[in-house]
Amino acid sequence: GYRGHMDDDENEEGRQPIVPIRLQDHLVWQVQLSHLSEREQALVGWLIESLDEAGYLPVPLSDFVDMGADEEELRIALCYLQSLEPLGVGARDVRECLLLQLNAQPLTPAVELARLMVSEHLALLANRDFSKLKRLLKCEDDALRAAHLCIMQLNPRPAADFAAPNTEYVVP
């Protein structure tokens, strides 16, 4: 029905204000919904808390072995982390981040070429050396453009849409 005034907690459209969420909280929420054991959840949690502001894992897995985990458990935990949303989270570098996102897409000729460009020729792509890419990949202009478009739609910083890890908000 008609309301003559707005509640203080609502914006003009009547929706609740959006509160920024930390990437780590979003990932932990996904893990809590999983069927992982307590041990597996703890290992994934260690990795989540080690993510940097871009959503990458800058710490080598071997550093976690010192904390009592074996490498196989950690590889499994990393694979699980990398399967969560947003795609690309938990990557160790930009190449892995982009490949995680490309590998989740349906395989088309453009995606296949994009995977090859990212995995084998990322420096040329970063320098926008399209003539050399075309020659090395033995492809036509249209195929190169389609693959480049696929790559341009990826997010090299999967944590970009989330609040900074240590952001504190002051509520008036």
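Provided above is the structure to which this section pertains.
Keep in mind the model is a prediction, meaning the values are calculated, not measured.

Undergrad: Could you give an account of the packing of helix α7 (residues 130-137) against helix α8 (residues 141-152), naming the residues involved and the relevant values?
TA: Where α7 meets α8, the axes come as close as 10 Å, and the angle between the chain directions of the two elements is 110°. The orientation of α7 with respect to α8, classified from their angle, is roughly perpendicular. In the packing of α7 onto α8, the handedness of the crossing is right-handed. Contact residues: α7 offers F130, L133, K134 and L137, while α8 offers D141, L144 and H148.

Undergrad: If you had to explain the environment of P109 to someone new, which residues and values would you point to?
TA: Relative to the elements of secondary structure, P109 occurs in helix α6 (residues 109-126). Separated by 38 residues in sequence, P109 and A147 have C-alpha atoms that sit 8.1 Å apart.

Undergrad: Talk me through the packing of aromatic side chains; I want residue IDs and the actual numbers.
TA: Two aromatic rings are characterised by how far apart their centres lie and by the angle between their planes. Under the counting rule described, the total for this entry stands at one aromatic pair. Ring geometry for W46 against F64: centres 6.4 Å apart, planes inclined by 15°, an arrangement best described as stacked. Of this pair, W46 sits in helix α2 (residues 38-49) while F64 sits in helix α3 (residues 62-65), and the two are 18 residues apart along the sequence. By relative accessible area, W46 is classed as partly exposed at 25%.

Undergrad: I'd love a proper account of the packing of α6 against α7, names of residues and values included.
TA: The contact between α6 and α7 brings their axes to 11 Å, and the two run at 135°. Looking at the two axes, α6 sits oblique to α7. For α6 against α7, the interelement crossing comes out right-handed. Here α6 contributes L113, L116, M117, H121, L124 and L125 to the contact with α7, which in turn contributes F130, K132, L133, L136 and L137. Taken together, the residues of the contact of α6 with α7 break down into nine nonpolar, one polar and one charged.

Conventions adopted
- Every chain begins its residue count from 1, and numbering advances along the sequence as written.
- Given that the model is predicted, a residue must reach a pLDDT of at least 70 before its local features are reported, and side-chain atom pairs must reach 80 or more before they are shown or counted; all residues, however, enter totals for whole chains, interfaces and linings.
- Each side-chain value is derived from all of the structure's non-hydrogen atoms; neither hydrogens nor water enter the calculation.
- As a rule, the C-alpha atoms of each element are fitted with a line to give its axis, helices using only the stretch in contact, and angles between N-to-C directions run from 0 to 180 degrees.
- The secondary structure listing takes helices from DSSP runs of H or I that are at least 4 residues long and strands from runs of E that are at least 2 residues long, numbered from the N terminus.
- Roughly parallel here means an angle under 35 degrees, roughly antiparallel means over 145, roughly perpendicular means 65 to 115, and every remaining angle is called oblique.
- Crossing chirality is assigned from the near helix's rotation relative to the far helix, an anticlockwise turn below a right angle marking it left-handed and a clockwise turn marking it right-handed.
- Between two residues, a contact is recorded if the distance between any of their heavy atoms is within 4.5 Å.
- Here a pair means two rings of Phe, Tyr or Trp (six-membered ring of Trp) with centres within 6.5 Å. Their orientation is stacked below 30 degrees between planes, edge-to-face above 60, and tilted elsewhere.
- Summary of the burial criterion: residues with accessible area below 20% of their type's maximum are buried, those above 50% are exposed, and those between are partly exposed, where the area comes from a 1.4 Å probe applied to protein chains only.
- Three categories are distinguished: nonpolar for Ala, Val, Leu, Ile, Met, Phe, Trp, Tyr, Cys and Pro, charged for Asp, Glu, Lys and Arg, and polar for the others, with Gly belonging to the last.

Structural measurements only, silent on function.
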